[in-house]
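# Examination of the molecular architecture
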Amino acid sequence: MSALLEVRNLSVSVDDKAILRGVDLTVNAGEVHAIMGPNGSGKSTLAQVLAGRETFHVTGGDVRYGGRDLLALSPEERAREGVFLAFQYPVEIPGVSNVYLLKAAVNSVRRHRGLPELDAMDFLAQIRGKIKLMDMRDELLYRAVNEGFSGGEKKRNEILQMALLEPRLAILDETDSGLDIDALQVVANGINTLRSPERAMIVVTHYQRLLDYVVPDFVHVLSQGRIVKSGGKDLALELERRGYGWLDDPSTARAISP
Amino acid sequence: MTTPATRLDDLISREYRHGFVSDVEADALPRGLSEDVIRLISAKKNEPPFMLEWRLAAYRHWRTMTEPNWSSVHHPPIDYQDIIYYSAPKSQKNGPKSLDEVDPELLRVYDKLGVPLRERELLAGVAVDAVFDSVSVGTTFKAKLGELGIVFCSFSEAVQEHPELVQQYLGSVVPYTDNFFAALNSAVFSDGSFCYIPRGVRCPMELSTYFRINAKDTGQFERTLIIADEGAYVSYLEGCTAPMRDENQLHAAVVELVALEGAQIKYSTVQNWYPGDKEGRGGIYNFVTKRGDCRGNDSRISWTQVETGSAITWKYPSCILRGDNSVGEFYSVALTNNYQQADTGTKMIHIGRNTKSTIVSKGISAGRGQNAYRGLVKILKSADGARNYSQCDSLLLGDRCGAHTFPYIEVKNATAKVEHEASTSRIGEDQLFYCRQRGLSTEDAVSMIVNGFCKEVFKELPMEFAVEAQKLLGVSLEGSVG
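Cut-offs applied
- Residues numbered from 1 in each chain as written.
- Chains lettered and ligands numbered in written order.
- Predicted model: local features only at pLDDT ≥ 70, side-chain atom pairs only at ≥ 80, totals over all residues.
- Heavy atoms only, no water.
- Pairing = 2+ DSSP bridges.
- Helix = DSSP H or I, 4+ residues; strand = E, 2+ residues; numbered from the N terminus.
- Contact = heavy atoms within 4.5 Å.
- Axes fitted to C-alpha atoms, helices over the stretch in contact; angles between N-to-C directions.
- pLDDT = per-residue confidence, 0-100.
- Buried area = accessible area lost by both parts, 1.4 Å probe.
- Salt bridge = Lys/Arg side-chain N within 4 Å of Asp/Glu carboxyl O.
- Nonpolar A, V, L, I, M, F, W, Y, C, P; charged D, E, K, R; others polar.

## Some points on the sheet that holds strand β2 (residues 17-27) of chain A
Residues and elements named next belong to chain A.
- Ordered in space as β2-β1-β4-β5, the 4 strands form an open sheet in which the pairing is antiparallel. Sheet topology places β2 and β5 (68-69) at the edges, where each strand pairs with a single neighbour.
- Note that strand β4 (residues 57-65) and β5 share 2 bridges and pair antiparallel. Considered in β5, the bridge of Tyr65 is made with Arg68.
- Contacting β1 (5-14), β2 and β4, helix α1 (residues 43-51) crosses the sheet at an angle of about 110 degrees to β1.

Next comes the structure, spelled out in structure tokens:
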């Protein structure tokens, strides 16, 4: 069986500055991969490039998604094919109600899959259960997208969208940042509920904290645009203990490499 | 990957959908303007002497005036002697008695525009006074309105049937001395709509006109007069589209509203004249004078406009708040794309005590469009307790367009409260990417974001019009990304 996502030697730059310098990553359906690394290592760039952000320039390598060339698809095509990015900084869209965007998103994915569009009643019925899961107030559905949402509400809203869109590949970009412990548990619980053998997740995070709740199958450390180390969930604990500094030191890094 | 700038260009390049010239024979005067031409127009329309005198007085005054140059719009000089001042579709000479008698070609034009008279009449319950070129071709629901004493007809018909009302109110809100274009309109206006709602009557349906420029080089000089007598209510819709054409065309309409004590007039416009092509060639010059007079106490006038068309829009729907406790409102969305220019806003003149006005203006600029809000809030000495709230927001799509705000505030009464808020924002690549990552196409995303920006204005439009306005905005913008 071929992998859901295969990233081969991916190089990316922005304004002629190289951010990713040959990233390799293979993700199979059902797996949860954590991408960790210090600030500026390229974690968010990787997440956004996979989602199709056009401000980044792919200078080399390729990405296969379900056997197809992912980089040839527009952001909306990727979304409709099941690639979902939970944003680190969800944007505000004044005057557009949250429920309107959610319904437009769900229906664009349904159209693509050849399913009939949901009307307002069906959609609300579907959203009710999910909004409870995320411990969100109904009122947030009718407010403008992310406008006046607290940091925690924005992140819950992202996971709510993920729950509605049922992606095959979910990329969570620092979903834990800015969350207090209660919100973190709600968000983690939402993520865990969505774990399934058909769905893969890439969890980008700076800290080990989220991984206490969302236990990854694999942990990768990104540093200076490359994956410098991969391992199981214990690697995250080791990073928590030792920091990232030792990975940049060639002698220690080599010393502990298998 | 493409850069945002090239995508923007691709997307802006949507052609005007209503561009076609229908093949209807026109009965037109020769080009140019003189007292003889005005006498001829008046004679063709079989007008009573007071009308001719008024037209001639306007013409003589107009000749002493010069074109205003204070606005921020630019255009080559207009040759007023190269315009045909009267044109009527030939087949209308004897006037149709009903829609069945209307030239089928005219009806087809409306069908193409998506405003089928028949369907509107039957389905929407809207009485339509459709202006095709300069003569009204169909007036519906007249009988039903007549039972309530409501007069809704073409201006020409009002001159024949209700000359006393016309004489009493014509020019009482916008005198012919008001400005260059209003003077020109007063001299040569060919037709328009007239509406009178008697005392205490609430008009049971939205009244509607559709304007259209068709015959080549024909200036359009519409005149609309709406009077709501004491305690009356009317909601009036005006919408326009025009066929594609290379030469610029002048449109100088005048709209006068009179609200007597306790009366309310809601006037909504969706304006979609031909805006010119992508290079800025052609398009309508729209120089309009619209003003409402809250003449009686406790009266209310609301202007809601969605301006997406015209090469140039020069338009300031205003309210004179004469009566105590009267209320004036102005809700506006103005969109400019390619080389379109809009200089639009409002004037709120507070004269009566405890008068209130609200201004919500949303300007959207894309391509090389230039959008200016120009508004005057004037509180006179007599206006104790007057209040105004103004909000002017601009949205930019791309980096070659412009937004300008010129608020003028004159307060002569210390008890007045005047608030003004303004903002300028840009559709961010962030917002677009967010929506696209959720599966929306770029066009749907832009349309959604812009509609969100305009929400406060759209909610003031009657439902069916709001839907039309949203679609129109989508069509006009199909295309513009920041």
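## Re the confidence of the model for chain A
Residues and elements named next belong to chain A.
- Residues with a pLDDT of 70 or more make up 95% of chain A, whose mean pLDDT is 89.
- The spread of mean pLDDT over the elements of chain A runs between helix α10 (residues 250-256), the lowest at 46, and strand β6 (residues 83-86), the highest at 96.
- The model gives residues 253-258 a pLDDT under 50, and that stretch makes 7 contacts with residues more than four places away or in other chains.

## Focus: the sheet that holds strand β9 (residues 169-173) of chain A
All names here are of chain A.
- With respect to topology, 6 strands assemble into an open sheet ordered β6-β9-β10-β3-β11-β12, the strand pairing being mixed. The open sheet is flanked by β6 and β12 (226-231), the only strands paired with a single partner. Ignoring strand direction, the axes of neighbouring strands in this sheet form an average angle of 20 degrees.
- Two strands pair when backbone bridges link them, and strand β11 (residues 218-223) and β12 are joined in this way by 5 bridges, in the antiparallel orientation. Directly across from Val221, in β12, lies its bridge partner Lys229.

## Some thoughts on the interface of chain B and chain A
- Across the contact, 21 residues belong to chain B and 35 residues belong to chain A.
- Taken together, both faces of the contact between chain B and chain A bury some 2,400 Å²; the carbon and sulfur share is 60%.
- The shortest N-O distance in the salt bridge between B:Asp430 and A:Arg53 comes to 2.6 Å.
- A total of 8 residues in the side of chain B that touches chain A trace back to one element, the largest contributor, which is helix α10 (residues 429-437) of chain B.
- Residues belonging to the side of chain B that touches chain A are distributed by class as follows: 8 nonpolar, 7 polar and 6 charged.

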